[in-house]
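Descriptive analysis of the structure
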Amino acid sequence: MPNPQNANSQHATGLMSLTAAKLLETLLNEAIRLDAQHGAAFKALPECAIQLHLKDVQVNFYLVCTDYGISVQNALKGEADACIQTELAELVALHRTGQLNNAQLSGDDALATQFIQALANLDIDWEEHLSHYTGDLIAFKVGQAARSFAHAKETAKQQAADTLKEYLQFELNALPTKDQVMRFTDEVNRLQEQTDAIAERIEQLLNKRPHKADA
Amino acid sequence: MSQNKRTIDFGFSEVPLEEKVKKVKGVFDSVADKYDIMNDVMSMGIHRLWKRHTIELSGIRPGQSVLDLAGGTGDLTKAFAKRVGQSGRVVLADINESMVRVGRDRLINQGIAGNVDYTITNAEALAFPDNTFDLATIAFGLRNVTNKDKALEELYRVLKPGGQLMVLEFSKVTQPLLSKAYDFYSFNILPKMGKLIADDEASYQYLAESIRMHPDQETLKQMMLDAGFDKAEYLNMSEGIVALHRGWKY
Ligand SMILES: C[S@@+](CC[C@H](N)C(=O)[O-])C[C@H]1O[C@@H](n2cnc3c(N)ncnc32)[C@H](O)[C@@H]1O
């Protein structure tokens, strides 16, 4: 029976798991974009919802596959079409090993196998990505703001999977604002450009209606 | 209830009922093309986090049908379209043509097509048959609706049995200190930003006031139950700046 965690999944959407789901989603879609075959193996899948349960870190994701790509979420209405139970370390090694040796599959086994194959084809630099993630978290959690980012990244990279495991196990009490800053760096950059445009607009307004400027 | 009066709140000023619809339309007409950036600036990007949370909790899956009511420029529609796939359907419904147009252009530019319909609809009289949708959302839209009870009844009607409504809306801040700061922000800073960015202080003044007039968490929950929902609950986000109400039809 798929859904070992279904009862919890409705409530397990703390910021931490939101961030993890978003990270996994970005990572998969980025890898598909960079893939020589553009993730053709995923395109061959029917529209489906796959449950990925990482036993060692007690984390549960639902991967929703459609023509648009893969969306990752923490909850799913009803049961997934297939369920894969494995461990984070196995997942990280998948591209190298070509298979998940100790995984348990349930639901539509054939679909799960097809999904794992598609995933194995993707050359994802998990450690690099995870180190960004855990590196940021460490920097925040320990409050070592002064520590250089490069150093944090290097240290974290050595034990990326371990560190992630630790953080996922002990739900991080991150402030939304800090978390948001991490996740939306891109948007901040975009806003920066827009702010410049606004500044120009303000100047125009001030020139146009100086007497109303502080109304 | 407010809809029995001949006037109704438009922000803090009372206006004749039929005028509110026109005024609300005016507000969104004037901000449509600046709406996305205003959203980012006003909530400092956090609205994306609130929306993401909503999407995740919906538990949406391929093949389902979704109504994104007051869908505006289509943030939620986009996320749902990706998840329901071509075997599913998302309807972006909004009373304001300019918002829908901006939303449709934006989504098509981003490659979202084939499983999204766009329609101009008033939340109080939805042009859909009973039992149509697996999921209905109304994000930052309910506070603008004149007759909220009617809109909730309509949302209940168009949901399939087993379906879920999600209302994401500014609510009552639960933390007193934050509440003060937030008041200052919404009444002093927000309208000024609206003036600078969209050259439209009045519209953003209205937005700030309409947030304050919106029913608090418990009141809205009760309104949902009164509208027929068989179960309702809410979840505060960012200390209640925003609340996500969920209602189920059994
Ligand atoms: C603040 S925007 C929210 C847009 C979008 N849901 C989002 O979260 O970004 C509110 C939207 O509600 C729409 N609206 C206001 N009154 C409405 C009504 N009676 N029926 C349907 N839509 C309405 C407005 O046109 C506007 O697009």
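Going by the structure above, here's the rest.
Everything in this summary refers to the structure shown in the same document.

The secondary structure content of chain B amounts to nine helices and nine strands. The proportion of buried residues among the 250 residues of chain B is 60%. Restricting the contact set of chain B to residue pairs at least 6 apart, pairs at least 24 apart contribute 71%. A total of about 9,700 Å² of accessible surface is found on chain B, and carbon and sulfur atoms cover 54% of it.

Once that is clear, we can look at helix H5 (residues 97-109) of chain B. Residue and element names in this part refer to chain B. Here H5 contains 13 residues, and its C-alpha end-to-end distance of 18 Å stays within 8% of the 18 Å for a straight helix at 1.5 Å per residue. Inspection of H5 places Ser 98, Met 99, Val 100, Gly 103, Arg 106 and Leu 107 among the buried residues, and these make up the whole buried set. By the N-cap criterion, in which a side-chain oxygen at the helix start approaches the backbone nitrogen of a residue two or three places on, H5 is capped by Asn 96, the distance to Ser 98 being 2.8 Å. At the exit of H5 stands Gly 111, carrying a positive phi of roughly 80°.

Glancing now at the environment of A:Leu91. Residues and elements named next belong to chain A. Here Leu 91 lies in helix H4 (residues 88-92). Since its relative accessible area comes to 3%, Leu 91 is described here as buried. Residues Leu 91 and Thr 26, spaced 65 residues apart in sequence, show a C-alpha to C-alpha distance of 16 Å.

Two side chains bearing opposite charge may form a pair once their charged atoms approach each other closely. Counted by the stated rule, this structure contains 16 salt bridges over all chains. Note that B:Lys160 is salt-bridged to B:Asp134, the shortest N-O span being 3.4 Å. Taken together, the positions of B:Lys160 in strand S7 (residues 159-170) and B:Asp134 in strand S6 (residues 133-139) put the pair 26 residues apart, joining distant regions of the chain. A salt bridge links B:Lys231 to B:Glu233, with the shortest nitrogen-to-oxygen separation between them at 4.0 Å. Of the residues examined, B:Lys231 reaches a relative accessible area of 34% and is grouped as partly exposed. Each of the salt bridges in this network shares a partner with another, and the network as a whole consists of A:Glu25, B:Arg52, B:Glu56 and B:Arg83.

The next point concerns the side chain of B:Asn115. Relative to the helices and strands, B:Asn115 resides in the loop between H5 and strand S5 (116-120). Look at B:Asn115 and you get buried, because its relative accessible area is 2%. Among the polar contacts made by the side chain of B:Asn115, one reaches the main-chain carbonyl oxygen of B:Ala81 at a distance of 3.0 Å. Residues within four places of B:Asn115 in sequence aside, it is in contact with A:Tyr68, B:Ala81, B:Val84, B:Gly85, B:Gln86, B:Gly88, B:Arg89 and B:Val90.

With that settled, the discussion passes to the pairing of S6(B). Working note: regular strand, side chains alternate between the two faces of the sheet. Residue and element names in this part refer to chain B. With respect to burial, S6 is a largely interior element, seven of its seven residues being buried. Note that strand S3 (residues 65-69) and S6 share four bridges and pair parallel. By the bridge assignment for S6, Leu 67 is matched with Ala 136. In terms of strand pairing, S6 meets S7 through six bridges, oriented parallel. If you follow Ile 138 over to S7, its bridge partner there is Val 167. Handedness of the β-α-β unit built from S6, helix H6 (residues 148-158) and S7 comes out right-handed.

Residues and elements named next belong to chain A. Reading across from one edge, S3-S2-S1-S4-S5 is the order of the five strands in this open sheet, with mixed pairing throughout. The strands lining the two open edges of the sheet, one partner per strand, are strand S3 (69-73) and strand S5 (104-107). Averaged over all neighbouring strand pairs, the angle between strand axes comes to 20°, with direction disregarded. Along the sheet, helix H6 (residues 109-121) makes contact with strand S1 (48-54), strand S2 (59-66), strand S4 (82-86) and S5, crossing S5 at roughly 130°.

A few words now on the nonpolar core. All names here are of chain A. Residues Phe 42, Phe 61, Leu 63 and Phe 115 are the most contacted members of the largest nonpolar core, which totals 36 residues. Contributions of two or more residues to this core are made by helix H2 (15-34), S1, S2, S3, S4, H4 and H6. The contact partners of Phe 115, leaving out residues within four places of it in the chain, are Phe 42, Leu 45, Ile 50, Leu 63, Cys 65 and Ile 84.

All names here are of chain B. The strand order S5-S4-S3-S6-S7-S9-S8 describes an open sheet built from seven strands, whose pairing is mixed. Unpaired on one side and paired on the other, S5 and strand S8 (231-237) mark the two borders of the sheet. The sheet shows a mean angle of 15° between the axes of neighbouring strands, taken without regard to direction. Relative to S5, H5 is tilted by about 165°, and along the sheet it contacts strand S4 (89-94) and S5.

The next point concerns the packing of aromatic side chains. One pass over the full model with this rule turns up six aromatic pairs over all chains. Both rings, one in A:Phe42 and one in A:Phe115, keep their centres 5.7 Å apart while their planes meet at 75°; by these two values the pair is edge-to-face. With A:Phe42 in helix H3 (residues 40-43) and A:Phe115 in helix H6, the pair connects residues that are 73 residues apart, well separated along the chain. A:Phe115 matches A:Phe42 in its accessibility class, with the two residues each being buried. When the ring of B:Trp50 is compared with that of B:Phe170, the centres are 6.2 Å apart and the planes differ by 90°; the resulting orientation is edge-to-face. Taken together, the residues span a long stretch of sequence, with B:Trp50 in helix H3 (residues 46-58) and B:Phe170 in strand S7 at a distance of 120 residues. Judged by its relative accessible area of 10%, B:Phe170 is buried.

Glancing now at H6(B). Across the 11 residues that make up H6(B), a large majority, eight, are buried. Packed against the buried residues of H6(B) are S3, S6, S7 and helix H9 (217-226) of chain B.

What counts, and at which threshold
Residues numbered from 1 in each chain as written. Chains lettered and ligands numbered in written order. Predicted model: local features only at pLDDT ≥ 70, side-chain atom pairs only at ≥ 80, totals over all residues. Heavy atoms only, no water. Helix = DSSP H or I, 4+ residues; strand = E, 2+ residues; numbered from the N terminus. Buried < 20%, exposed > 50% of the residue type's maximum accessible area, 1.4 Å probe, protein only. Contact = heavy atoms within 4.5 Å. Areas by Shrake-Rupley, 256 points an atom, 1.4 Å probe, with all protein chains shown as cover. Expected span 1.5 Å × (residues − 1). Polar contact = N/O pair within 3.5 Å; in protein donor to acceptor, adjacent residues only side chain to side chain. Salt bridge = Lys/Arg side-chain N within 4 Å of Asp/Glu carboxyl O. Pairing = 2+ DSSP bridges. Right-handed = clockwise from strand over helix to strand, strands pointing away. Axes fitted to C-alpha atoms, helices over the stretch in contact; angles between N-to-C directions. Core = buried A, V, L, I, M, F, W, Y, C linked by side-chain atoms within 4.5 Å. Phe/Tyr/Trp six-rings, centres within 6.5 Å; stacked < 30°, edge-to-face > 60°.

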